[in-house]
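# Observations on chain architecture
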Amino acid sequence: MLKHTLTALLALAASSAWAADTADQQLVKQGEYLSRAGDCIACHTAQGGKPFAGGLGIDSPLGMIYSTNITPDKETGIGEYTLEDFDRAVRHGVAKDGHSLYPAMPYTAYAKVSPDDVKALYAYFMHGVEPVNQANKDTDIVWPLSMRWPLGIWRWMFSPDPVEAAPAPASASADAGQAEVLRGKYLVEGLGHCSTCHTPRGVALQEKALTDADGTEFLSGGVVEGWLAKNLRGDATDGLGSWSKEDIVAFLKGGMNKHSATFGGMSQVVADSTQHLNDADLNAIAAYLKTLSPVNKDATQPLAYDEAASVALRTGKANSEGAMDFLNNCAACHRTTGKGYEQTFPQLALSSTVNSEDPTSLIHIVLKGAQLPGTTAAPTQYGMPAFDWRLTDKEVASVLTFVRSSWGNKAPAVTADQVAKVREEVGATPQPVR
């Protein structure tokens, strides 16, 4: 009898241990997925470095800030962090030793992440990431800007209180669409930290809006590292007003759709983060973005295609400097129709990027070129060559002015001074001498 009892107890103990281990593994796996949603690897991995070991330089207006080692190494990483320490850093912006983090770490967005999701992230970084012994780098910020104590005031002024729980689920009477939008809102405002790049900043470098409830500046576009992170609101001309939910999902999954192709920092976001999200979450993000009203209430009507420029180019009647430069440098890929080749070379006609008020991204792309990320959905990495060595500032301005006023596009002209400024900021080759 005793033997059977001991056997039963041992079996029960083994079963409980297996269940606990399975639960722990599931939590780690959930944390890995959430780390993808938060794109933690992008900032915390230096080029050629080991994952999450830090050392990536982030060029801020104050100076260079280097990301920290967030592997579970006990000496140089976060191996000694408790869950409470981890939560305090991620959602409050305070390191284990008490110093305030620079808001290059988007804790103003992560404050909206639920404690349960933070727990899963902690499990992943402690048990699913390889420890790397790599010392953290000091910032390249000169004194007195390098003093940390003002960051505490900044946090007090601009950082929201962390949420105490995940958003309440939709009521039983709510339809599936409402639940989907709530999930999308949680991802966009929280782990996705989309507003970090896509929202303009104020004089104190704070985001001018952290949620849609704060106003239409939320996700209305912002310049980051020489790129315009585009307007994600409902404007038909330069936002997502002309994109369907399916268009947004295709872009986040493969890096391109019939309207546009990714470039700049967004290419890394697609490669490291959004292409790894499940279809339910991608659809939720798209559903939420489609609820955002336009910045300009009059910008709800999409632009209409105009073939006049195409006809003039095809018949040899377009003889302006910009038109000729377009024929000589751009037409082979983007075509005289401006429609490009779907799923290969993006269209310029009626493009929200082309029609953005700020031409920074267009100038940057022409000068330095761009390359699509290789994704599971779209593995071919199409690229555009750099033209900084070939075109003068005046020529770049002329060709972009032509593009922004052709095929139905209605965007302001680009000046040589604007090109010269971007050329210097992005470290492009000096303009050729004619």
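The name given to the protein chain in an unreviewed UniProt entry is Alcohol dehydrogenase, with the source organism recorded as Bordetella genomosp. 4. According to the UniProt record, the Subcellular location (unreviewed entry) comment for the protein chain reads "Cell membrane".

## Let's talk about the state of the cysteines
Simply put, the disulfide is a covalent bond whose two ends are the sulfur atoms of two cysteines. Here the structure, examined in full by the defined rule, presents zero disulfides. Cysteine C43 is unpaired, with the sulfur of C197 as its nearest cysteine sulfur at 8.2 Å. Of the residues examined, C197 reaches a relative accessible area of 32% and is grouped as partly exposed.

## Things to note about the nonpolar core
Membership of the largest hydrophobic core comes to 47 residues, with the highest contact counts inside it found for F86, F125 and L289. Going through the elements one at a time, helix 1 (2–38), helix 3 (83–92), helix 4 (107–110), helix 5 (115–127), helix 7 (176–189), helix 9 (245–254) and helix 11 (279–289) are the ones with two or more residues in this core. For this core, the element with the most residues is helix 5, which contributes eight residues. Both domains that furnish three or more residues to this core are identified here as domain 1 (22–136 + 143–158) and domain 2 (171–291). Look past the residues within four positions of F86 in its chain and what remains in contact with it is I78, Y81, V118, L121, Y122 and F125. A318, V354, L367 and A428 belong to the second-largest nonpolar core, a separate cluster that totals 28 residues.

## Describing the UniProt feature "binding site: heme c 3" (unreviewed entry) in the protein chain
Annotation from UniProt places "binding site: heme c 3" (unreviewed entry) at C330, C333 and H334. Mapping C330 onto the fold places it in the loop between helix 13 (321–329) and helix 14 (331–334). Ignoring anything within four residues of it in the chain, the contact list for C330 reads D325, R335 and V399. Tracing the backbone through its elements, the reader meets H334 in helix 14. Discounting residues that sit within four places of it in the chain, H334 has contacts with F326, K339, G340, P346, L348 and M384.

## A closer look at the domain arrangement of the protein chain
Here the protein chain is partitioned into domain 1 (22–136 + 143–158), domain 2 (171–291) and domain 3 (307–426). Between domain 2 and domain 3, the C-alpha centre-to-centre distance is 24 Å. Listed per partner, the contact involves 25 residues of domain 2 and 26 residues of domain 3. Across the interface of domain 2 and domain 3, roughly 2,000 Å² is buried in total on both sides, 62% from carbon and sulfur atoms. The largest per-residue losses of area from domain 2 upon contact with domain 3 belong to W227, L228 and M256, which jointly make up 27% of the total buried on that side. Where domain 2 touches domain 3, the interface holds zero salt bridges. Across the contact surface, domain 2 and domain 3 share five residue pairs in polar contact (both at pLDDT 80 or more). If you list the elements that add at least two residues to the side of domain 2 that touches domain 3, you get strand 4 (227–229), helix 9 and helix 10 (265–272). Among the elements that take part in the side of domain 2 that touches domain 3, helix 10 stands out by supplying three residues, more than any other. Looking at the side of domain 2 that touches domain 3, its residues break down into nine nonpolar, 11 polar and five charged.

## Points about the pairing of strand 1 (residues 57–60)
Burial of the side chains of strand 1 is restricted to one face: I58 and S60 are buried, whereas none of G57 and D59 on the reverse face is. Bridging between strand 1 and strand 2 (residues 63–66) involves four bridges; their strand directions are antiparallel. Across the sheet, the residue bridging to G57 is Y66, located in strand 2. Remark: two residues form the turn of the hairpin made by strand 1 and strand 2, two consecutive strands paired antiparallel.

## Some points on a nonpolar patch on the surface
Among the surface-exposed residues, L62, V142, L145 and L205 lie close enough to one another that they form a single nonpolar patch of about 320 Å² accessible area. Inspection of the secondary structure assignment puts V142 in the loop between helix 5 and helix 6 (149–158). V142 sits in the exposed class, given a relative accessible area of 57%.

Thresholds, definitions, all that
Residues numbered from 1 in each chain as written. Predicted model: local features only at pLDDT ≥ 70, side-chain atom pairs only at ≥ 80, totals over all residues. Heavy atoms only, no water. UniProt positions renumbered as here; feature names shortened; annotations may be inferred. Disulfide = S-S within 2.5 Å. Buried < 20%, exposed > 50% of the residue type's maximum accessible area, 1.4 Å probe, protein only. Core = buried A, V, L, I, M, F, W, Y, C linked by side-chain atoms within 4.5 Å. Helix = DSSP H or I, 4+ residues; strand = E, 2+ residues; numbered from the N terminus. Domains from an automatic or database assignment. Contact = heavy atoms within 4.5 Å. Buried area = accessible area lost by both parts, 1.4 Å probe. Salt bridge = Lys/Arg side-chain N within 4 Å of Asp/Glu carboxyl O. Polar contact = N/O pair within 3.5 Å; in protein donor to acceptor, adjacent residues only side chain to side chain. Nonpolar A, V, L, I, M, F, W, Y, C, P; charged D, E, K, R; others polar. Pairing = 2+ DSSP bridges. Patch = residues over 30% accessible without salt bridge, like charges linked within 9 Å, V, L, I, M, F, W, Y side chains within 5 Å. Areas by Shrake-Rupley, 256 points an atom, 1.4 Å probe, with all protein chains shown as cover.

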